[in-house]
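Examining the three-dimensional arrangement
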Amino acid sequence: EDYGRLDDVQEGALAGIRRTGMRLNELVTDVLDYSRLQSGKYDLHKELCFIDILCATALQKMEVPAARKKQKMDYFAQPEGLTCLTDPEMLAVILKHLLGNASKFTPEDGGFGIRVMDMPEQRAISLTVWDMGIGIARTDFERIFEPFVQLDARLARRYEGTGLGL
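As the structure is a computational prediction, the values presented were derived from the model and not from experiment.

What follows covers the confidence of the model for the protein. A residue-level look at the protein finds 90% of positions with pLDDT of 70 or above and a mean pLDDT of 87. Here helix α5 (residues 153-158) is the element of the protein with the lowest mean pLDDT, 57, and strand β4 (residues 111-119) is the one with the highest, 97.

Below is the structure:
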């Protein structure tokens, strides 16, 4: 407002520019992280983390997009209070992308969530992001994890994205 008071239209335009700038920054950061992972130059910073807290934080960040589509979010952990040695920042990024895809491809009034199960025999934890979305054909399972792949160009027009998410 250095040059005068902004009207509602100008405020709205600036808010849109701000949102777009933040989204672009996230995208650039994701591409850089992906490049570091591919080149082997990303160092995992492992620490003991509470899975419930990481998952709750990831789901909390999805509240607005889920509310827009009247989607229900769910979290189930058996048992609660599990900890694991992981890079919490990288796991947060992974959850952000998987939950973003879950919401994006799930119709209005649908649902998505996270299920965590202890696997003591394997000394592991199973973390599953599920959704009620459009689904993926078994024949496409291998392709979805290739960089920048979108399975159906027609869907790319309906669902925005870079193919970087998975």
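Before going further, it helps to spend a moment on helix α4 (residues 88-105). The end-to-end C-alpha separation of α4 is 26 Å, in line with the 26 Å expected for 18 residues at 1.5 Å each. Taken together, the buried positions of α4 are occupied by Pro88, Met90, Leu91, Leu95, His97, Leu99, Asn101, Ala102 and Ser103. For α4, the capping residue at the N-terminal end is Asp87, with a side-chain oxygen 3.1 Å from the backbone nitrogen of Glu89.

With 18 residues, the main nonpolar core has Ile51, Cys55, Leu95, Leu99, Phe112, Ile114 and Val116 as its most contacted residues. Every element with two or more residues in this core is listed here: α2 (51-60), α4 and β4. Per-element tally for this core: the top contributor is α2, with five residues.

Let us now look at the pattern of salt bridges. Throughout the structure, instances matching the rule amount to four salt bridges. Residue Lys96 pairs with Glu26 through a salt bridge whose shortest N-O separation is 3.9 Å. Of the two residues, Lys96 is situated in helix α4 and Glu26 in helix α1 (residues 8-39); the sequence distance between them amounts to 70 residues. For Glu26, a relative accessible area of 36% translates into the label partly exposed. The partner of Asp140 in a salt bridge is Arg143, with the nearest N and O atoms 3.1 Å apart. Its relative accessible area of 18% is what places Asp140 among the buried residues.

Rules behind the numbers
- Residues numbered from 1 in each chain as written.
- Predicted model: local features only at pLDDT ≥ 70, side-chain atom pairs only at ≥ 80, totals over all residues.
- Heavy atoms only, no water.
- pLDDT = per-residue confidence, 0-100.
- Helix = DSSP H or I, 4+ residues; strand = E, 2+ residues; numbered from the N terminus.
- Expected span 1.5 Å × (residues − 1).
- Buried < 20%, exposed > 50% of the residue type's maximum accessible area, 1.4 Å probe, protein only.
- Polar contact = N/O pair within 3.5 Å; in protein donor to acceptor, adjacent residues only side chain to side chain.
- Core = buried A, V, L, I, M, F, W, Y, C linked by side-chain atoms within 4.5 Å.
- Salt bridge = Lys/Arg side-chain N within 4 Å of Asp/Glu carboxyl O.

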